[in-house]
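Coordinate inspection notes
Each chain, written out:
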Amino acid sequence: MERLQGSYFTIDQMADNLLHGSKRADQKTNVNEQGFSFQQIFQQASAQNEERVSFSKHANERLASRNINLDDNQMERLNKGIMQAKEKRINESLVMMDNIAFIVNIKNNTVVTAMDQTTNDSNIFTNIDGAVIV
């Protein structure tokens, strides 16, 4: 079978092209000034974004109302705790750090809520399946 005007006849041919990275001779890859393609930049940005913790609207409100400010070192430790929970296949985790409790959805790398020891009256945490202390 031959290609018609640069298109493929079967889905298998297209899948093979996408999965194995084979390129047609007439296909050009757009690169930026540093020589990186869009796909390389996108994959790098996705990997970095995947590793970094995000905060839900509720968590941001709790941090602000409880005057909890995290420095770069604490953010790094929080990310490390989330990675440890991910390695243990925890889904919803309590991450304890410097007398601050974070409830984290590990799959989404998202802090759901946060509290410090002075504002948490009951010290009871529900709907978690693991805890990490960093």
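Everything below is about the structure shown above.
Residues numbered from 1 in each chain as written. Predicted model: local features only at pLDDT ≥ 70, side-chain atom pairs only at ≥ 80, totals over all residues. Heavy atoms only, no water.

**Digging into the pairing of strand 3 (residues 100-105)**
- Of all six residues in strand 3, six are buried; the element is thus mostly enclosed.
- With burial as the criterion, each face of strand 3 is covered, one bearing Ile-100, Phe-102 and Val-104 and the other bearing Ala-101, Ile-103 and Asn-105.
- Judged from the six bridges that link them, strand 2 (residues 92-97) and strand 3 form a sheet pairing that is antiparallel. Counted as the bridge partner of Leu-94 is Ile-103 from strand 3.
- Remark: two residues form the turn of the hairpin made by strand 2 and strand 3, two consecutive strands paired antiparallel; Asp-98 in that turn has positive phi of roughly 50°. (Buried < 20%, exposed > 50% of the residue type's maximum accessible area, 1.4 Å probe, protein only. Helix = DSSP H or I, 4+ residues; strand = E, 2+ residues; numbered from the N terminus. Pairing = 2+ DSSP bridges.)

**Some words on the pairing of strand 4 (residues 110-116)**
- Taken across its seven residues, strand 4 has six buried, putting it largely inside the fold.
- As paired strands, strand 1 (residues 54-55) and strand 4 are joined by two bridges and run parallel to one another. The partner of Ser-54 across the bridge, within strand 4, is Thr-110.
- Direction of pairing for strand 3 relative to strand 4: antiparallel, over a ladder of six bridges. When the bridges of strand 4 are listed, Asn-105 appears paired with Thr-110.
- Between strand 3 and strand 4, which pair antiparallel and follow one another directly, the connecting turn spans four residues, one of which, Asn-109, has a positive phi of 55°.

**Concerning the sheet that holds strand 3**
- Judged by pairing direction, the sheet is mixed, and its five strands sit side by side in the order 1-4-3-2-5 without closing on themselves. The open sheet has two edge strands with one neighbour each: strand 1 and strand 5 (130-133).
- One ladder, built from four bridges, connects strand 2 with strand 5; its direction is parallel. Bridging from a neighbouring strand, Leu-94 pairs with Ala-131 of strand 5.
- Strand contacts of helix 3 (residues 57-65): strand 1, strand 3 and strand 4, with the helix running at about 20° to strand 4, the strand carrying the most contacts.
- Contacts between helix 4 (residues 72-87) and the sheet are confined to strand 1, strand 2, strand 3, strand 4 and strand 5, with strand 2 contributing the most and set at about 145° to the helix. (Contact = heavy atoms within 4.5 Å. Axes fitted to C-alpha atoms, helices over the stretch in contact; angles between N-to-C directions.)

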